[in-house]
Amino acid sequence: MIVLGIETSCDETAAAVVVDGHDVRSNVIASQVDLHARFGGVVPELASRYHLENICPVISKAMSDAGLAYPELDAVAVTQGPGLIGSLLVGVQAAKAIAFVHGKPLIPVHHIAGHVQAPFLSAAAAGGSIPLPALALVVSGGHTHLYEVPEEGSYRLVGRTRDDAAGEAFDKVAKLMGLGYPGGPVIDRLSQGADDHAIEFTIARIKDGSSDYSFSGIKTAVLLHVRRHGIQPVASPDDAPQEVRDLVASFERAVVTALLRRFKAAAQELSPRSLIVTGGVAANTRLRREAARTAESLGLPIFIPPIALSTDNAAMIGAAGFVGFRMGRRAGWDLNASPQLPLG
Ligand code: KG4
Ligand code: ZN
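Because the structure is predicted, anything quoted here is derived from the model rather than measured.

1. Quick look at the packing of helix α4 (residues 111-125) against helix α11 (residues 315-326)
When two helices pack together, you describe them by how their axes are tilted relative to each other and by the distance separating the axes.
And step 1. Close contact between α4 and α11 brings their axes to 7 Å; oriented N to C, the two are set at 95°. In terms of their interaxial angle, α4 and α11 are classed as roughly perpendicular. Of the residues in α11, those in contact with His111, Ala113, Gly114, His115, Gln117, Ala118 and Leu121 of α4 are Ala315, Met316, Ile317, Ala319, Ala320 and Val323.
And step 2. For the contact of α4 with α11, the per-class residue count stands at 9 nonpolar, 4 polar and no charged.

Dropping the structure here:
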């Protein structure tokens, strides 16, 4: 079953061809990072305009890289939401046009279902499978959610952030320190070899016993520390002095510790057969290393997609589309983008 996946929910224009949910024949991404970097974050109007310019070339390249013509597709899968409305619309309209013209089924995909599917894709590509039920930590720029995954394509919400997403905290702290956008990769790099115990940032524990997260407090704690010690933003990440490296390393340690504390507690409570960490923040070196340790301490296998499949991409949308297709999920020609689409 050959699926064309299309993803335009935020600032990446992406298309991929995936066969049987795990064989990635092409995976094309046009990133807008440079475009938004000078504004310190994604500018929605610019994002939609750029998607519009890039969607046709990106899809054409995905098809030619896979060596396929449109009539050979079995279905077209597209991110319906959540995300930026203007960005989502570009992908949805492109997917509808291709599916309509070539008479193919159109499959709507939830962006987070795509992220959760990424490790299933990479595990299957390596000839393995993920024991279910799994407990999945989805950490991206817009989401910090814990889901129980009883079977592929079904999700039960276990916990979520009550305010900022973990990736958002990375991006805001980076912006504060003049480190540019997106913040995660540069904080990851500057933290390597720095003193991550220089500052003891604590992350609020939610005291009602739930598995929820909160990341808005740490951003304020970093701001207060910076003001109190007169630390100046840097002109470029390469000029970051040791005190800034130590600061971001301490921040990163606090975020990763908080992410894994709840993750571990939920695993102990729910007794899943495996763990998953996915989403853009799953590209983080410390999170990958510490999550593996957490899994080892619990005696559970852990599945983290390779970095290219952790951050936004369309292969995960093609893979999730395959699962949706098997479950009978189809969209009509009236499919609309849904910025607040709930999962489930
Ligand atoms: O999944 P994603 O590509 O897009 C969304 O769905 O939001 O996630 C983007 C987020 C950004 O906040 C970015 O700073 C963060 O993932 N990120 C990282 C790393 N690479 C990307 N955070 C920490 N460490 C990284 N290496
Ligand atoms: Zn994402």
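2. Here we look at the coordination of the zinc ion (ligand 2)
And step 1. With distances of 2.0 to 2.1 Å, the protein atoms coordinating the zinc ion (ligand 2) are His111 (NE2), His115 (NE2) and Asp312 (OD).
And step 2. In the primary structure, the donors to the zinc ion (ligand 2) are separated according to the pattern H-x3-H-x196-D. Of this pair, His115 sits in helix α4 while Asp312 is found in the loop between α10 (307-310) and α11, placing the two residues 197 residues apart along the sequence. For the pair His115 and Asp312, a shared accessibility class is recorded, and that class is buried.

3. Thoughts on the pairing of strand β5 (residues 106-110)
And step 1. In terms of burial, β5 is largely enclosed, as 5 of its 5 residues are buried.
And step 2. The side-chain alternation of β5 yields two buried faces, one formed by Leu106, Pro108 and His110 and the other by Ile107 and Val109.
And step 3. Sheet topology note: the strand β4 (residues 75-81)/β5 ladder contains 5 bridges and is parallel. Following the sheet pairing, Val76 is matched in β5 by Leu106.
And step 4. Assessed by its sense of winding, the connection that carries the chain from β4 through helix α3 (residues 85-102) to β5 is right-handed.

4. Quick notes on the domain arrangement of the protein
It is common to report an interface's size as the accessible area lost on association of the parts.
And step 1. In terms of domains, the protein is made up of domain 1 (2-116 + 309-326) and domain 2 (132-300).
And step 2. Of note, the centres of domain 1 and domain 2, computed from C-alpha atoms alone, are 27 Å apart.
And step 3. Taken together, the 17 residues of domain 1 in the interface contact 17 residues of domain 2.
And step 4. Summing both sides of the interface, domain 1 and domain 2 together bury roughly 1400 Å²; the carbon and sulfur share of this comes to 68%.
And step 5. The three residues of domain 1 that bury the most area against domain 2 are Ile112, Val116 and Ser310, which together make up 38% of that side's buried surface.

About the criteria used
Residues numbered from 1 in each chain as written. Chains lettered and ligands numbered in written order. Predicted model: local features only at pLDDT ≥ 70, side-chain atom pairs only at ≥ 80, totals over all residues. Heavy atoms only, no water. Axes fitted to C-alpha atoms, helices over the stretch in contact; angles between N-to-C directions. Helix = DSSP H or I, 4+ residues; strand = E, 2+ residues; numbered from the N terminus. Parallel < 35°, antiparallel > 145°, perpendicular 65-115°, else oblique. Contact = heavy atoms within 4.5 Å. Nonpolar A, V, L, I, M, F, W, Y, C, P; charged D, E, K, R; others polar. Donors = N, O, S within 2.8 Å, 3.2 Å for Na, K, Ca; no water. Buried < 20%, exposed > 50% of the residue type's maximum accessible area, 1.4 Å probe, protein only. Pairing = 2+ DSSP bridges. Right-handed = clockwise from strand over helix to strand, strands pointing away. Domains from an automatic or database assignment. Buried area = accessible area lost by both parts, 1.4 Å probe.

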